[in-house]
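Chain by chain, the residues run as shown.
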Amino acid sequence: MKKLILTAFSLATAFVAHAQLQPTKQTPESSELWTPVPRLVTPGKPSAVGSGFTAPSDAIVLFDGKNLDSWVSGNEGGGPAPWTVADGALTCAPKKGDIVTKQSFSDYQLHIEWRAPAKVDGNGQGRGNSGIFMQGIYELQVLDSYNNPTYVNGQAGSIYKQTMPLVNPVVGPGEWQTYDVVYTAPHFNKDGQMVIPPYITVLLNGVLVQNHTAIQGTTPYVGQPMITPHGPGPIKLQDHNNTTSFRNVWIREI
Ligand code: MG
């Protein structure tokens, strides 16, 4: 009798527990979501040379190989972007200064292709050096890191002077390489403290090199990262005195 009561109690307990976890009868359809329907986007196509995709239908094209209409000089006073356009590529004009997009951004997916000069000249940080600055502040390093030792948090795919890349998937000098970036902007409270850091995920030539990396602050050549409150900012390309080229640059705000 005692055993029977216990069994009945166990069954009742199991039923209550089950009822709490499963308030309604579950069907395959119970766990299907049908709305909202993701927006239809027409993907780009592999670009003519190299592995990068051209802009999908909802992207803002920042450089399509023809002109610098979306860019200005990053020098004080602004003015036209002083880099050169030839053969579908945008090339740094050494000592003319950085260039920045006219438009500012916060959270985005960025695609950009780059090429270090075919003629190897210099070594370490002096070889094919440029950079892509998120919101004009945080540098994703561009460097010819093919058989070119340097500090690892300064090689291609690094968040400059902060986070080394997970691996080094670069190809040789003179070859086009792709960066696909997902970036979300930092958030600051009313006292100017950073409550959410910038996060960045980067694929270099299709290989993950930064995985949701928290950016610690500015990326200076000398000194530690600094945190200064800011709003939306441009994409900035660095003049590091090398003729590094870019092409097929597009961005999707998220
Ligand atoms: Mg650089």
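For the structure, see preceding data.
Starting from 1, residues in each chain are numbered consecutively following that chain's sequence as written. Predicted model: local features are reported for residues with pLDDT of at least 70 only, side-chain atom pairs are reported and counted for 80 or more only, and whole-chain, interface and lining totals are derived from all residues. Each side-chain value is worked out from all heavy atoms of the structure, with water and hydrogens disregarded.

**Q** Can you walk me through the coordination of the magnesium ion in this structure?
**A** Each pair of donors in an ideal four-coordinate tetrahedral metal site encloses 109.5 degrees, whereas pairs in an ideal six-coordinate octahedral site enclose 90 or 180 degrees. Water is not among the atoms examined, so metal sites may look incomplete; donors are the N, O and S atoms within 2.8 Å of the metal, or within 3.2 Å for Na, K and Ca. At 2.2 to 2.4 Å from the magnesium ion lie its protein donor atoms, namely N129 (OD1), S130 (O), E139 (OE), Q141 (OE1) and Q238 (OE1). Counting the intervening residues between successive donors of the magnesium ion yields the motif N-S-x8-E-x1-Q-x96-Q. Here E139, found in strand β8 (residues 138–142), pairs with Q238, found in the loop between β14 (236–237) and β15 (245–253); they are 99 residues apart in sequence, far enough to count as distant. Secondary structure is summarised from DSSP: a helix means a run of H or I of at least four residues, a strand means a run of E of at least two, and numbering begins at the N terminus for each.

**Q** How should unusual backbone geometry be read in this particular structure?
**A** Note: most peptide bonds trans; most residues except glycine with negative phi. In this structure, the amide linkage connecting T35 to the following residue, P36, adopts the cis form with an omega of -5 degrees. Inspection of the secondary structure assignment puts P36 in the loop between α1 (2–21) and β1 (60–63). Phi is positive for N205, which is not a glycine, with a value near 55 degrees. The classification of residues rests on relative accessible area computed with a 1.4 Å probe and restricted to protein chains. Under 20% of the type maximum is buried, over 50% is exposed, and intermediate values are partly exposed. Since its relative accessible area comes to 22%, N205 is described here as partly exposed.

**Q** I'm lost on the pattern of salt bridges in this one. Help?
**A** Working definition: two side chains of opposite charge can pair if their charged atoms are close together. Salt bridges, as used here, are contacts in which a Lys or Arg side-chain nitrogen is within 4 Å of a carboxyl oxygen on Asp or Glu. A complete count under the given rule lists five salt bridges for this structure. Between D64 and K66 there is a salt bridge, and its shortest N-O distance comes to 4.0 Å. Look at D64 and you get partly exposed, because its relative accessible area is 45%. The partner of D144 in a salt bridge is R127, with the nearest N and O atoms 2.9 Å apart. Placement of D144 in the loop between β8 and β9 (177–184) and of R127 in the loop between β6 (108–115) and β7 (130–134) is noted, with a sequence separation of 17 residues between them. In this structure R127 comes out as buried when scored by relative accessible area, which is 9%.

**Q** How should I be thinking about the environment of K95 in this particular structure?
**A** Considering the arrangement of structural elements, one finds K95 in the loop between β4 (89–91) and β5 (99–101). K95 gets classed as exposed once you look at its relative accessible area, which sits at 69%. For the pair K95 and N241, spaced 146 residues apart in sequence, the C-alpha to C-alpha distance is 5.8 Å. The contact definition used throughout considers only heavy atoms, calling two residues in contact when any of these lie within 4.5 Å. Every residue in contact with K95, bar those within four places of it in the chain, is listed here: D239 and N241.

**Q** Would you explain the sheet that holds β8 in this entry?
**A** Across a sheet, paired strands are connected by hydrogen bonds in the backbone, their directions being either parallel or antiparallel. The strand order across the open sheet built from five strands is β2-β5-β14-β7-β8, with neighbouring strands paired in antiparallel fashion. Taken across any chain shown, the strands that pair with only one partner, and hence form the sheet edges, are β2 (71–73) and β8. Two strands are counted as paired when DSSP detects at least two bridges linking them. Across two bridges, β7 lies against β14 in antiparallel orientation. Note that in β14 the partner of F133 across the bridge is K236.

**Q** Quick question: what am I supposed to make of the packing of aromatic side chains here?
**A** Geometry of an aromatic ring pair is reported as the spacing of the ring centres plus the angle between the planes. Pairing of aromatic side chains requires ring centres within 6.5 Å, counting the rings of Phe and Tyr and the six-membered ring of Trp. Pairs whose planes differ by under 30 degrees are stacked, by over 60 edge-to-face, and all others tilted. Enumeration over the complete set of coordinates arrives at five aromatic pairs. With centroids separated by 6.1 Å and ring planes inclined at 75 degrees, the aromatic side chains of F105 and Y108 adopt a geometry described as edge-to-face. For F105, a relative accessible area of 0% translates into the label buried. Only Lys NZ and Arg CZ are tested; either one counts as a charge over a ring when it is within 6 Å of the ring centre and within 35 degrees of the ring normal. The ring of F133 is capped by K236, whose NZ or CZ atom sits 4.4 Å from the centre of that ring.

**Q** How should the environment of S30 be read in this particular structure?
**A** Tracing the backbone shows S30 in the loop between α1 and β1. For S30, a relative accessible area of 39% translates into the label partly exposed. Here T27 takes part through its backbone nitrogen, which lies 2.7 Å from a polar atom of the side chain of S30. Identification of polar contacts relies on pairs of N or O atoms within 3.5 Å, with a donor-acceptor requirement for protein atoms, meaning one able to donate a hydrogen and the other able to accept it, and with residues adjacent in sequence counted only if both atoms are side-chain atoms.

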